[in-house]
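# Structural characterization, general
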Amino acid sequence: MKLHFSPEELKLFAEILLNQGDPAGLLDRIMANDLRFDFDELDQLREILVASWTNASSEAAACPDPQLKTKLEARRAALESMIERVAEACAMF
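About the criteria used
Per-chain numbering applies: the sequence of each chain, read as written, is numbered from 1 onward. Since the coordinates come from a predicted model, pLDDT governs what is reported: local features require at least 70, and pairs of side-chain atoms require 80 or more to be given and counted, while whole-chain, interface and lining totals use all residues. Heavy atoms from the whole structure form the basis of all side-chain values; hydrogens and water molecules are not counted. Labels follow the DSSP assignment, with helices taken as runs of H or I lasting at least four residues and strands as runs of E lasting at least two, numbered in each case from the N terminus. Between the first and last residue of a helix there are one fewer steps than residues, each counted as 1.5 Å, and that sum is the expected span. Whether two residues are in contact is decided by their heavy atoms, any of which lying within 4.5 Å being enough. pLDDT expresses how confident the predictor is about each individual residue, on a scale running from 0 to 100. Exposure is judged per residue with a 1.4 Å probe applied to protein chains only, and the accessible area is read against the type maximum: over 50% gives exposed, under 20% gives buried, and values in between give partly exposed. Any Lys or Arg side-chain nitrogen located within 4 Å of an Asp or Glu carboxyl oxygen qualifies as a salt bridge. Two N or O atoms count as a polar contact when they lie within 3.5 Å, although within protein this holds only if one can serve as hydrogen donor and the other as acceptor, and sequence-adjacent residues are included solely when both atoms are side-chain atoms.

Under the 1.5 Å per step criterion, the end-to-end length of helix H1 (residues 7–20) is 20 Å for 14 residues, consistent within 8% with the ideal 20 Å. Where the residues of H1 are buried, they touch helix H2 (27–31), helix H3 (39–62) and helix H4 (66–91). One or two residues past the end of H1 sits Gly21, with phi positive at roughly 95°.

This part takes up the confidence of the model for the chain. In this model, the chain carries an average pLDDT of 91, and 98% of its residues clear a pLDDT of 70 or more. Looking at the elements of the chain, mean pLDDT is at its lowest for H2, recorded as 88, and at its highest for H4, recorded as 95.

To continue, consider unusual backbone geometry. Located in the positive-phi region is Asn33, a residue other than glycine, with phi close to 60°. Checked against the element boundaries, Asn33 lands in the loop between H2 and H3.

Turning to the environment of Glu80, a few remarks are in order. Relative to the helices and strands, Glu80 is located in helix H4. Owing to a relative accessible area of 35%, Glu80 belongs among the partly exposed residues under this scheme. Taking C-alpha positions, Glu80 is 14 Å from Ala60, a pair spaced 20 residues apart along the chain.

On to the pattern of salt bridges, then. What the rule picks out here adds up to 6 salt bridges. Across the pair Arg29 and Asp34 runs a salt bridge whose closest N-O atoms are separated by 4.0 Å. Each of Arg29, Asp34, Arg36 and Glu41 takes part in salt bridges that share partners, so that together they form one network.

Turning next to the side chain of Glu9. Of note, Glu9 is situated in helix H1. At 2.5 Å, the side chain of Glu9 and the side chain of Arg85 are in polar contact. Discounting residues that sit within four places of it in the chain, Glu9 has contacts with Ser81, Met82 and Arg85.

Now the structure itself:
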């Protein structure tokens with residue numbers, strides 16, 4: 001199964017991998033929009049996205065700035081959608 005993400009979501013993926021590290025070497029493939037992954041790669045991506053979602057959720061809960069909180073909540077919503085698609089791809093293996 002090939003995943004499909006919007007350009008904004010691909011940018012978010014790339015940002016996350018740049019900031020958290022890219023242990024599986026997936027950044028180049030994401031930048032090239034080559035989203036054909038095996039099960040282990042999908043599982044790693046899911047774990048990375050879940051960690052980012054958890055971080056965004058914690059930051060949003062503690063954020064006193066309404067504008068920044070709105071941005072963090074939008075990021076969290078995008079991550080939720082991405083996690084669902086990656087989890088669905090994992091389930092199809």
